[in-house]
Amino acid sequence: MADYRSFVGLSVYLEEMVATRYLNQLQVPESYPDGKINDSTNWTAEDRRTALYWIYINTRDNTVINQSYECSFCQKEHGRQMDLCDLIPLLVESEHSMTEKLDIPNIKPGYIQPLRGNAVEYLEQLRNTRDELEEDSPEWCVAHADLRIYECAWALKFKDDDKSLSAEDQAENRFEYLLTLDAEKAFKKVAATVRKALSAMRHGLMSEYLDGEYKLVTPPHQCPNIEEGDEPVETVLLLPFRYNNFLPSL
Ligand SMILES: [Zn+2]
């Protein structure tokens, strides 16, 4: 029971870690040719969310949720019910390659890749550390900046990465390298290039990454208070993707 309690208590803050464990436990080693499961720490963050979503909508009787928002057109509060199955038509199949060459003058050559399970687990811990600090305090600002730099460090691979090291150690080395760059000129360029590439590589559930959290894009909602003859007013609502809502309850 003590183990159970600690697991439940931790899961709110270690969603990525719990998701890895869950997605790995679902796989039967014997069904793989080499007897090894396909470790979900190597899956892209998008594939992890999409897998959890599929399992969820296929195992629940009720997939309808309530959303409410303040309409920017009529300033009134609207509510709607949305069936999570309505997100299926919004699934994106990326035509883009999952690697993109990094080619910026005076920056080490390499490539950009989507964030994978090991990256989002690492970033989750950094975010937890940041959130223990008082918001906007000097310490918080440093932790917040580090999180942003680490997002880049994990999305990058340099040609001269020491592949004998663990993925974490390699990311930490890339972080140290990024710290040596000129913030205004070089780092901003790298960060913008990474952001653009990651956006082109988006796949699975349509989502936006805002304030360190994934938000699912839901079908537009029509304001009910428009007059006849007015242009339709549609609002796209974002639904925070909390793993805990998609994992089976313990
Ligand atoms: Zn409205």
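Being a predicted model, the structure only gives us computed values, none of them experimental. (Residues numbered from 1 in each chain as written. Predicted model: local features only at pLDDT ≥ 70, side-chain atom pairs only at ≥ 80, totals over all residues.)

Participant: Which residues make up the overall build of the chain, and what are the values?
Facilitator: A tally of regular secondary structure across the chain gives 8 helices and 10 strands. Overall, the C-alpha framework of the chain stretches about 60 × 50 × 40 Å when taken along its three principal axes. When burial is assessed residue by residue, the chain has 20% of its 250 residues classed as buried. Within the chain, counting contacts between residues at least 6 apart in sequence, those at least 24 apart form 61% of the total. (Helix = DSSP H or I, 4+ residues; strand = E, 2+ residues; numbered from the N terminus. Buried ≥ 20, exposed ≤ 12 C-beta atoms within 10 Å, placed from the backbone. Contact = placed C-beta atoms within 7 Å.)

Participant: Explain the environment of A191 to me, using residue names and the numbers behind them.
Facilitator: Along the chain, the position of A191 falls in helix α7 (residues 183-200). For A191, a count of 18 C-beta atoms within 10 Å puts it in the partly exposed group. Separated by 99 residues in sequence, A191 and V92 place their C-alpha atoms 24 Å apart.

Participant: Summarise the domain arrangement of the chain; cite the residues concerned and give the values.
Facilitator: It is common to give the size of an interface as the accessible area that goes away when the parts come together. In terms of domains, the chain is made up of domain 1 (2-93 + 206-246) and domain 2 (100-200). One C-alpha centre belongs to domain 1, the other to domain 2, and the line joining them spans 25 Å. With 15 residues of domain 1 at the contact, the number on the domain 2 side is 11 residues. Counting only elements with at least two residues in the side of domain 1 that touches domain 2, the list comes to α2 (15-25) and α3 (45-59). (Domains from an automatic or database assignment.)

Participant: Quick rundown of helix α5 (residues 138-155)? Include the residues and the values.
Facilitator: Along its 18 residues, α5 runs 26 Å from first to last C-alpha, staying within 8% of the 26 Å computed at 1.5 Å per residue. Inspection of α5 places I149, Y150, E151, C152, A153, W154 and A155 among the buried residues, and these make up the whole buried set. As for α5, its buried residues are in contact with β4 (110-112), α4 (117-131), β5 (156-158), α6 (167-179) and α7. (Expected span 1.5 Å × (residues − 1).)

Participant: Explain the sheet that holds strand β3 (residues 100-102) to me, and be specific about the residues and the numbers.
Facilitator: Judged by pairing direction, the sheet is antiparallel, and its 3 strands sit side by side in the order β3-β4-β5 without closing on themselves. Of all the strands in the sheet, just β3 and β5 have a single pairing partner and so form its edges. Averaged over all adjacent pairs, the angle separating strand axes in this sheet is 30°, with direction ignored. Sheet analysis places β3 next to β4, joined by 3 bridges and oriented antiparallel. Bridging across to β4, L102 finds its partner in G110. (Pairing = 2+ DSSP bridges. Axes fitted to C-alpha atoms, helices over the stretch in contact; angles between N-to-C directions.)

Participant: Can you explain the environment of F241? Please cite residues and give values.
Facilitator: Along the chain, F241 turns up in the loop between β10 (238-240) and α8 (243-246). Take F241: there are 18 C-beta atoms within 10 Å of it, and that puts it in the partly exposed class. Taking the C-alpha atoms as reference points, F241 and R49, 192 residues apart in sequence, are found 8.3 Å from one another. Apart from residues no more than four positions distant in its own chain, F241 is found in contact with R49, S207, Y214, K215 and L216.

Participant: Go over the sheet that holds strand β6 (residues 207-210) with me, naming the residues and quoting the values.
Facilitator: Taken in spatial order, the 3 strands make up an open sheet running β6-β7-β10, and their pairing is antiparallel. A strand with exactly one partner marks an edge of an open sheet, and here the two such strands are β6 and β10. Across the sheet, the mean angle separating the axes of adjacent strands is 35° when strand polarity is ignored. Bridge count between β6 and strand β7 (residues 213-217): 4 bridges; the pairing is antiparallel. For S207, the partnering residue across the bridge sits in β7 and is L216.

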